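Structural overview
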Amino acid sequence: MPSADVPIQAEKARAVETVDLIPLLNEDEAEVARQMQICNACRYCEGFCAVFPAMTRRLEFGKADIHYLANLCHNCGACLHSCQYAPPHEFGVNVPQAMAKVRLNTYGDYAWPAAFGRLYKRNGVTLSVATAAALSLFLLLTIAMQGELFPQGLNGNFYALFPHNTLALMFGAVFGFSLLSLGIGVRRFWNNLSPGSSEGRAKPAAALEAGGAVLTLKYLDGGHGEGCTNEGDKFTLWRRRFHHFTFYGFMLCFAATAVATLYHYLLDLPAPYPVTSLPVLLGIAGGIGLLIGPAGLLALNLRRHPDHGDARQRPMDRAFIVLLFLVSLSGLVLLALRDTSWLALTLAIHLGLVMAFFLTMPYGKFAHGIYRAAALFKSSLESR
Amino acid sequence: MIDVLVIGGGNAALCAALMAREAGASVMLLEASPRQWRGGNSQHTRNLRCMHEGPQDVLVDAYPEEEFWQDLLKVTGGATDEKLARLVIRASSKCRGWMRKHGVRFQPPLSGALHVARTNAFFMGGGKALINAYYRSAEQLGIQIRYDSPVEAIELHDGRFVAARVPARDLDGGRRPAERIEARSCVLAAGGFESNRDWLRDAWGQNERGEWAADNFLIRGTRFNTGVLLRDLLEQGADAIGDPTQAHMVAIDARAPLYDGGICTRIDCVSLGVVVNRDGERFYDEGEDFWPKRYAIWGRLVAGQPGQIGYSIIDSKAVGHFMPPVFPGEQAHSLDELARKLGLPEASFVQAIQAYNAACRLGTFDHTVLDDCHTEGLVPAKTHWARPIDTPPYFGYALRPGVTFTYLGLKTDDTAAVRFGGKPSPNLFVAGEMMAGNVLGQGYTAGVGMSIGTAFGRIAGVQAAAASRGAHSSHNRGKHHAIS
Ligand SMILES: Cc1cc2nc3c(=O)[nH]c(=O)nc-3n(C[C@H](O)[C@H](O)[C@H](O)COP(=O)(O)OP(=O)(O)OC[C@H]3O[C@@H](n4cnc5c(N)ncnc54)[C@H](O)[C@@H]3O)c2cc1C
Ligand code: SF4
Ligand code: SF4
């Protein structure tokens, strides 16, 4: 009946221990720890998302806890607008902002190779430079191989421009490296969160729950199903919807590539494929999703309340959104113009943009999905 | 001229404004605070006490009218008006659909508050989320909202509301001239006087030690409830209810800010340890009853101690058994070190703890029941959960009285009319903290402040809309009002 129903007794021992062994917090992390102590004494936001229940399982907030909570936060803004301690209150609680600052640092801290973590510092520049470099590469290659940017008579056959194996090798290698890099990063993140975790039996069910939370973007629903906040305290489902367009659009494009690869190697059916073929249909559907989604997210991002999240992160968010949009747009333009003399130019541009995307996957906003999924998995595990 | 003027910007004011607007009136709402601080004490709340006959979305079991009434009767010691109390209780069972319509969302109890799962519906995101939802709805419905508009006086004519006066004030670098705002009817929902330091000082006076006790009180809620209108109305002859020295007071962390410390500054470990005063001496049974039933007496207890300060002392056995406090406590590895850190006289503090430790008769410690761990031969006794304070590190938290709200208010009836010499005003109504004393003359039970404010806010809104049309609000008296 009294306050003994606080589910934190397991943490008791930890709180009493001295803190000598706990790694020092940097300024951003210390700010999260300070705010979490206030939230933990308040708890009004418990219903919004997974962050607050995870917080109530703790009495103290060490570095690993803070990295975990920061990546669990979806920056929905609900807890900022409902906080009676938000600025101008002297407690100055702005959880989404404090979390976002730490989150950006964690991407850099866990990045592999470590030196590349710096690419997060000025991420808008990183993405722009990568894009420019990749575009130049493919344009120069085109000129080198064709002597001009508008060669005639290719009839939509881009393998006449770039041999299939060259493309497969280039993109395969870069994509493979990016996956490896992301994998190592998230593994380091995970090991830091749950050293020697032994929750083995709960894993399948927790994975299922976390997977569901990722695929449905559960925590962009505000806890009441009406969505997250954007310009003010009003809730909207559009961020979730545009995010779905983006994510599923991306997956459809990915599926298009996978099907085409199967056609190529298993059925011995090389591209180009007719518009009504499965790979092209998947690509068109995905491409449209990847136009609507990023365009909508950008519009929301531009109107976002200035106190939401971390202003330093805006260039990263926007550069990534724009790159995704351009990848999709260039793909659709390529499809439309593939039987004209514009084939070579549009192909070079599309390939350049895709290459830039692959290259920056582990060093840009893309990583948020991976780290967030890991944090959601951890939250599902520990809530069991 | 607008139909209905609502003065205040918290729960009661918004309920009144929304209802009046829904009844077709044109409505203006004047909030004393700037936009960022809008919502008064209501922004700090977390739940609403609700009567219900069976399980209802976030509410488990049943909490019938009679039980709610008995609870209210008990906590007020009879200082309540049964008719008005029952009106509030019944309204609390029917208001949540309307609240949802205006965007308020409910959730099951917060962790650490499971003991009220049956009786209280929690606002998702707390009171500020509720306030935000009401303001959004008010804007959408075309209610004019004016922030930075503290009304200083009400113009009355024979008990009729004529106009409200807002003084000239500096705003955003510019000067806004004084205003006189007329309306056909008016709802007063401007809170109590808890943030009026001078008034508190007068009400509490000087104690036998020559201290002005109220000077050491902290205010848990808004700084804008200065009671200016309460005083103005009382001076103009409005009927009063309640005692100015009655206030809901809890013991909160002495480091809390002067205003708006809110919920998170409470210290929940009192029943797990002992509390001493600045002389290092215990002064009350810390284990008298479950903490949720006792937390509201500790404000007054601390207010009665020299310097209006107390110190909650626990050892490491208690850690993790109570809601984590907002500020870390002083921590020490010995009792005399703790005394030094807290600025307490070492010898008498250590002696008091040792005497307590020696008097502890350990049974089976269980914080979820009134267990059999108690003291023997100690004055004052600790009757439950008494365990020696002997396992370092030790922790100490300084406590101050934290005022939640005051009880002095305007007398009213079931039409929410302000009364002058026993006669109801035809067009001036009152709701929320400003009249809560009609139902809650003293004491408190969690969530009832919002039940009163919501019920009377809604009644006042309907009555004010009717009065603005020239309808005889007295016509409805005694019948049930147009609230559903
Ligand atoms: C920390 C804390 C927690 C609480 N928790 C709960 C809870 O969980 N459940 C519950 O039922 N109750 C709770 N209460 C009590 C509850 O806050 C009040 O009972 C309730 O909010 C009163 O509503 P109200 O609208 O009358 O007053 P308020 O919400 O205080 O609103 C008064 C409004 O009037 C404005 N005002 C004041 N003077 C003037 C003026 N001269 N001119 C214009 N405007 C003026 C203020 O700015 C404010 O907006 C809590 C109180 C506190 C302090
Ligand atoms: S964000 Fe504010 S309201 Fe929400 S839990 Fe934290 S302190 Fe409480
Ligand atoms: S911003 Fe949203 S997701 Fe992040 S902690 Fe607040 S409520 Fe949770």
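Definitions and limits used
Residues numbered from 1 in each chain as written. Chains lettered and ligands numbered in written order. Predicted model: local features only at pLDDT ≥ 70, side-chain atom pairs only at ≥ 80, totals over all residues. Heavy atoms only, no water. Helix = DSSP H or I, 4+ residues; strand = E, 2+ residues; numbered from the N terminus. Rg over C-alpha atoms; globule rule 2.2 N^0.38 Å. Buried < 20%, exposed > 50% of the residue type's maximum accessible area, 1.4 Å probe, protein only. Contact = heavy atoms within 4.5 Å. Pairing = 2+ DSSP bridges. Near = heavy atom within 4 Å. 1 Å grid on protein atoms, 1.4 Å probe; cavity = no way out; pocket = protein on both sides within 12 Å on 5 of 7 lines; lining within 4 Å. Sits in = over half its atoms within 2 Å of the grid points. Nonpolar A, V, L, I, M, F, W, Y, C, P; charged D, E, K, R; others polar. Domains from an automatic or database assignment. Buried area = accessible area lost by both parts, 1.4 Å probe. Salt bridge = Lys/Arg side-chain N within 4 Å of Asp/Glu carboxyl O. Polar contact = N/O pair within 3.5 Å; in protein donor to acceptor, adjacent residues only side chain to side chain. UniProt positions renumbered as here; feature names shortened; annotations may be inferred. Axes fitted to C-alpha atoms, helices over the stretch in contact; angles between N-to-C directions. Points joined across faces, edges and corners; volume = space filled by probe spheres on them.

1. Overview of the overall build of chain A
- Helix and strand counts for chain A stand at 14 helices and two strands.
- Scaling as 2.2 N^0.38, a compact globule of 384 residues should have a C-alpha radius of gyration of about 21 Å, and chain A matches this with 23 Å.
- With the C-alpha coordinates aligned to their principal axes, the bounding extent of chain A is approximately 80 × 40 × 35 Å.
- Taken over 384 residues, chain A has a buried fraction of 53%.
- Taking the contacts inside chain A whose residues are at least 6 apart along the sequence as the reference set, 76% of them involve residues at least 24 apart.

2. A few points about the pairing of strand 11 (residues 179-188) of chain B
Residues and elements named next belong to chain B.
- Burial within strand 11 is extensive, with seven of its ten residues counted as buried.
- In this structure, strand 1 (residues 2-7) lies alongside strand 11, joined through five bridges in parallel fashion. If you follow Ile2 over to strand 11, its bridge partner there is Ala183.
- Bridge count between strand 8 (residues 160-166) and strand 11: four bridges; the pairing is antiparallel.

3. Topic: the site of ligand 2
Residues and elements named next belong to chain A.
- In the neighbourhood of ligand 2, 13 residues make up the surrounding shell, with Cys39, Cys42, Cys45, Cys83 and Gln84 lying closest.
- Of the pockets mapped on this structure, ligand 2 occupies the second largest cavity.
- Of the residues belonging to the shell around ligand 2, the class tally is eleven nonpolar, one polar and one charged.

4. Comments concerning the site of ligand 3
Residue and element names in this part refer to chain A.
- Neighbouring residues of ligand 3: Phe48, Cys49, Val51, Phe52, Cys73, His74, Asn75, Cys76, Gly77, Cys79, Val95 and Pro96.
- Breaking the shell around ligand 3 down by element, the ones donating at least two residues are helix 3 (51-56) and helix 6 (95-110).
- Residue classes in the shell around ligand 3 are distributed as nine nonpolar, three polar and no charged.

5. Points about unusual backbone geometry
- Here Trp112 of chain A and Pro113 of chain A are connected by a cis peptide whose omega angle stands at -10 degrees.
- Tracing the backbone shows Pro113 of chain A in the loop between helix 6 and helix 7 (123-146).
- The step from Pro392 of chain B to Pro393 of chain B runs through a cis peptide bond, and the omega angle for that step is 0 degrees.
- Among the structural elements, Pro393 of chain B can be located in the loop between strand 19 (374-375) and strand 20 (394-406).
- Positive phi values are uncommon outside glycine, yet Asp260 of chain B reaches one of about 60 degrees.

6. Re the domain arrangement of chain A
All names here are of chain A.
- The domain architecture assigned to chain A consists of domain 1 (5-109) and domain 2 (114-383).
- Placing a centre on the C-alpha atoms of domain 1 and another on those of domain 2 gives a separation of 30 Å.
- Counting from both sides, the interface comprises 32 residues of domain 1 and, opposite them, 35 residues of domain 2.
- Counting each side, the surface lost to burial between domain 1 and domain 2 is near 3,000 Å², with a carbon and sulfur contribution of 58%.
- Looking only at domain 1, the three residues that lose the most surface to domain 2 are His74, Leu104 and Tyr107, adding up to 25% of its buried area.

7. What to know about the domain arrangement of chain B
Residues and elements named next belong to chain B.
- Splitting chain B by domain gives domain 1 (2-192 + 227-244 + 409-476) and domain 2 (247-402).
- Listed as interface residues are eight residues of domain 1 and, on the opposing side, six residues of domain 2.
- Taken over both partners, the interface formed by domain 1 and domain 2 buries close to 620 Å², and the fraction arising from carbon and sulfur atoms is 61%.
- Considering only the side of domain 1, the residues that lose the most area to domain 2 are His44, Arg46 and Tyr444, jointly responsible for 59% of the buried surface there.
- Scanning the region where domain 1 abuts domain 2 turns up zero salt bridges.
- Linking domain 1 with domain 2 are one residue pair in polar contact (both at pLDDT 80 or more).

8. Structural notes on the UniProt feature "transmembrane region" (unreviewed entry) in chain A
Residues and elements named next belong to chain A.
- UniProt marks residues 125-147, 167-186, 245-266, 278-300, 320-337 and 343-363 with the feature "transmembrane region" (unreviewed entry), using the numbering shown here.
- Secondary structure across residues 167-186 comprises 100% helix and 0% strand; the distance between its end C-alpha atoms is 28 Å.
- For residues 343-363, the end-to-end C-alpha separation is 31 Å, with 86% helix and 0% strand making up the annotated structure.

9. Thoughts on the sheet that holds strand 3 (residues 47-49) of chain B
All names here are of chain B.
- Read across the sheet, three strands follow the order 3-5-4 without closing on themselves; strand pairing throughout is antiparallel. Two strands bound the open sheet, and with one partner strand each, they are strand 3 and strand 4 (106-107).
- As defined by bridge partners, strand 3 adjoins strand 5 (residues 120-123) across three bridges and the pair is classed as antiparallel. Paired with Leu48 across the two strands is Ala121, which belongs to strand 5.
- In the packing of helix 12 (residues 448-468) onto the sheet, the strands contacted are strand 3 and strand 5, and the crossing angle to strand 3 comes to about 75 degrees.

10. Some remarks on the pattern of salt bridges
- Inspection of the entire model under this criterion finds 46 salt bridges over all chains.
- Close ionic contact of Arg58 of chain A with Asp65 of chain A constitutes a salt bridge, the shortest N to O distance being 2.8 Å. Across the pair, Asp65 of chain A and Arg58 of chain A agree in class, each one buried.
- The closest approach of N and O atoms between Asp3 of chain B and Arg184 of chain B, which form a salt bridge, is 2.8 Å. Highlighted residues: Asp3 of chain B in strand 1 and Arg184 of chain B in strand 11, separated in sequence by 181 residues.
- Bridged by salt links that share partners, the residues Arg57, Arg58, Asp65, Lys378 and Glu382 of chain A form one connected network.

11. Structural notes on empty space enclosed by the protein
- For the structure on display, the rule yields six cavities of 30 Å³ or more.
- Considered as a void within the structure, the largest cavity measures approximately 140 Å³ in volume.
- Along its surface, the largest cavity is lined by 18 residues, and Phe235 of chain A together with Gly103, Met124, Ala129 and Arg136 of chain B are the ones closest to its centre.
- Those elements that provide at least two residues to the lining of the largest cavity are helix 5 (78-81) of chain A together with helix 5 (126-140) of chain B.
- Ranked by the residues each element gives to the lining of the largest cavity, the list is headed by helix 5 of chain B, at five residues.
- Classifying every residue of the lining of the largest cavity by side-chain character gives nine nonpolar, five polar and four charged.
- Considered as a void within the structure, the second largest cavity measures approximately 100 Å³ in volume.
- Tallying contributions element by element places helix 2 (residues 27-42) of chain A first for the lining of the second largest cavity, with three residues.
- A per-class count over the lining of the second largest cavity returns eleven nonpolar, two polar and one charged.

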